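# Results of the structural survey
As a plain string of letters, each chain reads:
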Amino acid sequence: MQTINNDLLDPLVVVDPYSYYETLRKHDPVYWNSQWGGWIFTSYEEVKNGFQDIRLSAERVRPSKGMGKEKQQEMSSTYTILSNWLVFNDPPKHTRLRMLMNKAFTPKAVNKLLPKIEETTDYLLNDMSKNREVNVLQSYASILPIMVISDLLGVPKEDRNLIKKWSDDLMLLVFGAAEVENRHEVAKNSLSEMVDYLKVIIKDRRVNPKEDLISALVEASEDQDKLSDDEVISTCTLLVFGGHETTTNLIANGLLAFNNHPEQLQLLKNKPELINTAVDEILRYDGPSKAMVRVAKEDFILNDKEIKIGDKVLLVQASANRDPAVFERPNEFDITRSPNHHLGFGRGIHYCLGAPLALQEGRIALGKFIEKFPSYRVLDQKVEWQPTFVNRGLKYLNISLY
Ligand code: HEM
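What counts, and where the lines are drawn
Residues numbered from 1 in each chain as written. Predicted model: local features only at pLDDT ≥ 70, side-chain atom pairs only at ≥ 80, totals over all residues. Heavy atoms only, no water. Pairing = 2+ DSSP bridges. Helix = DSSP H or I, 4+ residues; strand = E, 2+ residues; numbered from the N terminus. Contact = heavy atoms within 4.5 Å. Axes fitted to C-alpha atoms, helices over the stretch in contact; angles between N-to-C directions. Donors = N, O, S within 2.8 Å, 3.2 Å for Na, K, Ca; no water. Near = heavy atom within 4 Å. Polar contact = N/O pair within 3.5 Å; in protein donor to acceptor, adjacent residues only side chain to side chain. Nonpolar A, V, L, I, M, F, W, Y, C, P; charged D, E, K, R; others polar. Expected span 1.5 Å × (residues − 1). Buried < 20%, exposed > 50% of the residue type's maximum accessible area, 1.4 Å probe, protein only. Phe/Tyr/Trp six-rings, centres within 6.5 Å; stacked < 30°, edge-to-face > 60°. Salt bridge = Lys/Arg side-chain N within 4 Å of Asp/Glu carboxyl O.

Attention now goes to the sheet that holds strand 3 (residues 56–57). Spatially, 1-2-10-7-3 is the arrangement adopted by the five strands of the open sheet, whose pairing is mixed. Every interior strand has two partners, whereas the edge strands, strand 1 (30–33) and strand 3, have only one. Across four bridges, strand 2 (residues 38–41) lies against strand 10 (residues 312–316) in parallel orientation. In the strand pairing of strand 10, Trp-39 is matched with Val-313. Helix-sheet contacts for helix 3 (residues 44–52) involve strand 1, strand 2, strand 3, strand 7 (291–296) and strand 10, and the interaxial angle to strand 10 is about 125°.

Donation to the iron atom of the ligand from the protein comes from one atom only, Cys-352 (SG), at 2.3 Å. In this structure, Cys-352 sits in the loop between helix 16 (317–320) and helix 17 (355–372).

Around the ligand sit 31 residues in total, of which His-94, Arg-98, Arg-294, His-350 and Cys-352 are the nearest. Measuring from a nitrogen atom of the ligand, one finds a backbone N or O atom of Gly-242 at 3.4 Å. Take His-350: an N or O atom from its side chain is 2.7 Å from an oxygen atom of the ligand. At the level of secondary structure, the elements contributing two or more residues to the shell around the ligand comprise helix 6 (93–104), helix 13 (229–260), strand 7 and helix 17. With seven residues, the single largest contributor to the shell around the ligand is helix 13. The residue makeup of the shell around the ligand, split by class, is 17 nonpolar, 11 polar and three charged.

What follows covers the sheet that holds strand 11 (residues 377–378). The antiparallel open sheet is built from three strands, whose spatial order is 4-12-11. At either end of the open sheet lies a strand with only one pairing partner, and these are strand 4 (133–135) and strand 11. Of the pairings in the sheet, the one linking strand 11 to strand 12 (residues 398–400) comprises two bridges and is antiparallel in character. Across the sheet, residue Arg-377 finds its bridge partner in strand 12, namely Ser-400.

Quick look at helix 15 (residues 275–286) now. Taking 1.5 Å as the rise per residue, helix 15 with 12 residues should run 16 Å; its terminal C-alpha atoms sit 16 Å apart, in good agreement. A large share of helix 15 lies buried, amounting to nine of its 12 residues. Restricting attention to buried positions, one finds in helix 15 the residues Ile-275, Ala-278, Val-279, Glu-281, Ile-282, Leu-283, Arg-284, Tyr-285 and Asp-286. Where helix 15 is buried, its residues meet helix 2 (17–27), helix 13, helix 14 (262–270) and helix 17.

Time to look at the packing of aromatic side chains. In this structure the tally under the stated criterion is 13 aromatic pairs. Taking the centre distance of 5.1 Å and the plane angle of 70° together, the rings of Trp-32 and Trp-39 count as edge-to-face. Ring centres of Tyr-44 and Phe-327 lie 5.8 Å apart, and the angle between their planes is 75°; this geometry places the pair in the edge-to-face category. In this pair, Tyr-44 sits in helix 3 while Phe-327 sits in the loop between helix 16 and helix 17, placing the two residues 283 residues apart along the sequence. The same class applies to Tyr-44 and to Phe-327, which are both buried. Taken together, the ring pairs in this structure connect Tyr-140, Phe-369, Phe-373 and Tyr-376 into an aromatic cluster.

Turning to the pattern of salt bridges, a few remarks are in order. Where charged atoms of side chains with opposite charge meet at close range, the side chains can pair. For the structure on display, the rule yields 23 salt bridges. Residue Glu-22 pairs with Lys-26 through a salt bridge whose shortest N-O separation is 3.0 Å. Of this pair, Glu-22 and Lys-26 both sit in helix 2, four residues apart, which is roughly one turn of that helix. In this structure Lys-26 comes out as exposed when scored by relative accessible area, which is 65%.

Once that is clear, we can look at the pairing of strand 10. By the criterion of burial, strand 10 is predominantly enclosed, with four of the five residues buried. Across five bridges, strand 7 lies against strand 10 in antiparallel orientation. The residue bridging Val-295 from the neighbouring strand is Lys-312, located in strand 10.

Within the secondary structure layout, Glu-263 lies in helix 14. Judged by its relative accessible area of 48%, Glu-263 falls in the partly exposed class. Sequence spacing of Glu-263 and Asp-334 is 71 residues, and the spatial spacing of their C-alpha atoms is 9.8 Å.

Along its 15 residues, helix 10 (residues 160–174) runs 21 Å from first to last C-alpha, staying within 8% of the 21 Å computed at 1.5 Å per residue. Among all positions of helix 10, only Arg-160, Ile-163, Lys-164, Trp-166, Ser-167, Asp-169, Leu-170, Met-171, Leu-172 and Leu-173 are buried. If you follow the buried residues of helix 10, they end up packed against helix 5 (76–82), helix 9 (143–153), helix 11 (183–207) and helix 13.

So, in structure tokens, the structure goes:
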């Protein structure tokens, strides 16, 4: 039997998680990783079922054991806010929060935003074309989503940079960027600034409702139930966070995939309508969400393995999405692939609430970029990926704009 490397942050695994997880999937799709201290699910079947298994809990935000009492106390307000994020809750709390959010985050609200997304995209592309070489991650992929989510929430234009900074800082905690030593303090300070900022806006919207998501969240009600101010605040921080980094990586990973597959780029240029299936293929082939964590709520047996209450489980979407049992030629980037039942947005009750928005943003951002710079090239001989095991994001992406 082959020896398995248990270091999920080994530089080789970070660069190419697909080969690593393919080995695991073949070897043992329900694998105990002693170094991470949890189970790694890698086949499509186990990952899909894992998302829908009520024995696995989404309640996974808690201070780490090694943190120490004092630090835990210091971080308690931060963890209180995160523990109100619906993505970290099981029913019935999740059901209630999701129902109220659905009242505000409607397809109508997303559709209303489309002309604005197009306008913002055009503005950014024009601005970029003043240069011949740019770090497209910084100048485009990470800016558009923050502008869109700010417009959706109803945050003033001049405050977008603040929102972006707070969201970036929070990522250090949620995605566990172990290489940043003071990540807890940075995330805590930014979250507390964001909360103070949102409190003022929420107070205003209670008296002067506008046509924005914060007003809709404040007003959303179901059987006389409403979101409390703390819940509206938590929800806004989740939407900023959930809608930012992931969509940034969808755009950047997409530009990289097309750069590395010129024949697929040519195909899209010939048939721009393929952008719909192309975006789904990016989510499958090299999507922003590599894996999601769950915690076992009870003891149970799976694939002859004894899963114990409290055990962590990593549902590896990046592996499920390359499983040959479901996808033909899984390692090929094929923008005509259809149907494409990838798990890039998860499955079950936590299925991404922002998926319709993310798909539209991806289509507009990539479609317009390729139309404007049809011969763009990535300049980096080697790209670098962020060393986390839950998201798949580049550190930079330098390109020439032609
Ligand atoms: C390409 C971009 C995106 C990807 C790949 C993505 C991925 C995901 C995934 C995998 C989940 C499931 C989490 C779990 O099961 O634990 C999720 C949930 C969620 N996403 Fe997204 N997301 C994206 C964009 C967005 C956007 C734009 C928003 C909002 C503006 C958003 C808001 C949310 C929310 C609120 C949840 C929690 C849903 C729940 O727990 O019921 N996401 N996302």
